Amino acid sequence: MPADTKTGFFDRAQLEEREARELNPYAMQARASAGRQHPEPEHEYRTAYQRDRDRIVHSSAFRRLEYKTQVFVNTFGDYYRTRLTHTMEVAQIARTIARALGLNEDLTEAIALGHDIGHGPFGHTGEDALQEVMAEHGGFEHNRHALRIVDVIECKYPEFTGLNLSEEVRQSLLKHSDTALCLEAQVVDAADRIAYNTHDIDDGLTAGMLDERALLQVHIWRDAHAIVGEQRDEERRRYHTVRTLINLAATDLLEASTARILAADPRNPDEARAPSERLVAPSPEMARKQGELSRFLFDNFYNDYRVRRMRRKAHRFILDMFSVLAADTALLPPAGQAAVKKHGTHAGLCDYIAGMTDREALQEYRRLFRANPEAEPA
Ligand code: MG
């Protein structure tokens, strides 16, 4: 049992002291948080950032990530990444890096778990379509929408609207605000890229849309391939190669960031976020290799005709739904009508559609446009 505890467990004050003692001086500290919009009493044994993380996990926007697309439409198959599994992979990589860098792991985890909650159905295709219909009504952007979800849309607590998250998490979800990102948010951004680049290779290979021989022209894949070497079991070799890819990128991120942090020698979080070039980022060589991989995936996977077809359909679904519902909001179910009444036709409808999962959007589309939607397979 820890010697200095009256209760027999670590209470919040002790956890905060531990942060002060063990984290680097440029890490964010829960007790130095700029606080919440609506003041609340602190929790007995959770720091402010643990509480933010828990509020995100218990939000309905978070649960819906399970049925939202990463690259494929959610109905495509059960093997592939969804936004939820992507989010968990990002959180895993980000926490590892944050812990090794002596940064605030709870804050990092909160930001990672929330980093994609602003996405509507059908990934970036859905975002493009919502942008189109909202062009003259304030636009749509998934990071801005993430903030709207946690500030306005999630209504769970009797005392306030939204999740009342700490200012640090709110700013980090917005990603580009006037103030530069804290190192914890920089870690999440870098981990996001590592995660999607590597798991999209895995998904693309599994779907048969990527060719492993063609991948050998990509430097970073070749590096990982050489480390793994020849092995008898194809599936294990591929898994091992993907794992090696994550390890190469994460190790580079850790080493390159450490070198930059040592050179800049920031004494506090403000000094750490001040440089115009981020302190937490891959080395220039790794950044080039990741760029090369991104371009390869763009040309060979995201532009595969089957993926393009899914995107084309998804884009049309959203435009059609939006225009029919905007012209006659009485077609909306009660929750949608309430949103329109509260925020106006366009903003309310945008919230309503952006909140849908892929399959809800497909269902709603069928209900609006098909003669006998119940007879169609899900
Ligand atoms: Mg992401």
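Look a little higher up for the structure.
Residues numbered from 1 in each chain as written. Predicted model: local features only at pLDDT ≥ 70, side-chain atom pairs only at ≥ 80, totals over all residues. Heavy atoms only, no water.

Asker: Would you mind going over the overall build of the protein chain with me for this structure?
Answerer: A count of helices and strands for the protein chain gives 18 helices and 0 strands. Taken over the C-alpha trace, the protein chain has a radius of gyration of 22 Å; the compact-globule value for 378 residues is 21 Å, and the two agree within 12%. Dimensions of the protein chain, computed from the C-alpha atoms along their principal axes, are close to 70 × 60 × 40 Å. The contacts in the protein chain between residues at least 6 apart in sequence include a share of 70% that link residues at least 24 apart. Carbon and sulfur atoms make up 50% of the accessible area of the protein chain, which totals about 18,600 Å². (Helix = DSSP H or I, 4+ residues; strand = E, 2+ residues; numbered from the N terminus. Rg over C-alpha atoms; globule rule 2.2 N^0.38 Å. Contact = heavy atoms within 4.5 Å. Areas by Shrake-Rupley, 256 points an atom, 1.4 Å probe, with all protein chains shown as cover.)

Asker: Where do I start with helix 17 (residues 345-354) in this structure?
Answerer: In an α-helix there are 3.6 residues to a turn, and that puts residues three or four apart on one side. When you tally the buried positions in helix 17, you get 7 out of 10 residues, the bulk of the element. On its buried side, helix 17 packs onto helix 6 (123-133), helix 7 (142-153), helix 15 (305-327), helix 16 (334-343) and helix 18 (358-369). (Buried < 20%, exposed > 50% of the residue type's maximum accessible area, 1.4 Å probe, protein only.)

Asker: Is there a simple way to explain the coordination of the magnesium ion in this structure?
Answerer: Geometry reference: four tetrahedral donors at a metal, ideal angle 109.5 degrees. Six octahedral donors, ideal angles 90 or 180 degrees. Every protein donor of the magnesium ion is accounted for by His86 (NE2), His115 (NE2), Asp116 (OD) and Asp192 (OD), and the metal-donor separations fall at 2.2 to 2.6 Å. Ordering the donors of the magnesium ion by residue number gives the pattern H-x28-H-D-x75-D. Here histidine 86, found in helix 4 (residues 83-100), pairs with aspartate 116, found in the loop between helix 5 (105-114) and helix 6; they are 30 residues apart in sequence, far enough to count as distant. Assigned by exposure class, histidine 86 and aspartate 116 land together as buried. (Donors = N, O, S within 2.8 Å, 3.2 Å for Na, K, Ca; no water.)

Asker: Is there a simple way to explain the pattern of salt bridges in this structure?
Answerer: Oppositely charged side chains may form a pair once their charged atoms are brought near each other. All chains considered together, the criterion is met by 33 salt bridges. For arginine 148, the salt bridge goes to aspartate 351, with nearest N and O atoms at 2.6 Å. Within this pair, whereas arginine 148 is found in helix 7, its partner aspartate 351 is found in helix 17, the two being separated by 203 residues in sequence. Taking the relative accessible area as the measure of exposure, arginine 148 reaches 26% and is therefore partly exposed. (Salt bridge = Lys/Arg side-chain N within 4 Å of Asp/Glu carboxyl O.)

Asker: Would you mind showing me how to read the environment of glutamate 167 here?
Answerer: The residue glutamate 167 is located in helix 8 (residues 167-174) in this model. By relative accessible area, glutamate 167 is classed as partly exposed at 23%. Each C-alpha atom, one on glutamate 167 and one on leucine 215, is 42 Å from the other, the two residues being 48 residues apart in sequence. Not counting the four nearest positions on each side in its chain, glutamate 167 is found in contact with Ala34 and Gly35.

Asker: Is there a simple way to explain the nonpolar core in this structure?
Answerer: The tendency in soluble globular proteins is for nonpolar side chains to be buried as a group. Ranked by internal contacts, the top residues of the largest apolar core, which has 51 residues, are Leu103 and Leu183. Those elements that place two or more of their residues in this core are helix 2 (48-57), helix 3 (60-63), helix 4, helix 5, helix 7, helix 8, helix 9 (183-206) and helix 12 (234-264). The element contributing the most residues to this core is helix 9, with 8 residues. One finds Ile318, Phe322, Tyr352 and Met356 within the second-largest nonpolar core, a separate group that totals 23 residues. (Core = buried A, V, L, I, M, F, W, Y, C linked by side-chain atoms within 4.5 Å.)

Asker: Sorry, what's going on with the side chain of glutamate 109 here?
Answerer: Among the structural elements, glutamate 109 can be located in helix 5. A polar contact is formed between the side chain of glutamate 109 and the side chain of arginine 53, at a distance of 3.1 Å. With residues near it in sequence (within four places) discarded, glutamate 109 still touches Arg53 and Arg95. (Polar contact = N/O pair within 3.5 Å; in protein donor to acceptor, adjacent residues only side chain to side chain.)

Asker: Please explain unusual backbone geometry as it appears in this structure.
Answerer: In terms of backbone geometry, most residues other than glycine have negative phi values and most peptide bonds are trans. Positive phi values are uncommon outside glycine, yet asparagine 164 reaches one of about 50°. Here asparagine 164 is to be found in the loop between helix 7 and helix 8. Phi is positive for aspartate 265, which is not a glycine, with a value near 45°. Note on placement: aspartate 265 falls in the loop between helix 12 and helix 13 (269-273). Judged by its relative accessible area of 55%, aspartate 265 is exposed.

Asker: I would appreciate a short explanation of the packing of aromatic side chains in the present structure.
Answerer: In this description, a pair of aromatic rings is defined by centroid distance and the angle of the planes. Under the counting rule described, the total for this entry stands at 7 aromatic pairs. For the pair phenylalanine 317 and tyrosine 365, a centre-to-centre distance of 4.1 Å together with 35° between the ring planes defines the contact as tilted. Of the two residues, phenylalanine 317 sits in helix 15 while tyrosine 365 sits in helix 18, which places them 48 residues apart along the sequence. In this pair, the class of phenylalanine 317 matches that of tyrosine 365, namely buried. Positioned above the aromatic ring of phenylalanine 10, the side-chain terminus of arginine 18 is 4.6 Å from the ring centre. (Phe/Tyr/Trp six-rings, centres within 6.5 Å; stacked < 30°, edge-to-face > 60°. Lys NZ or Arg CZ within 6 Å of the ring centre and 35° of its normal.)

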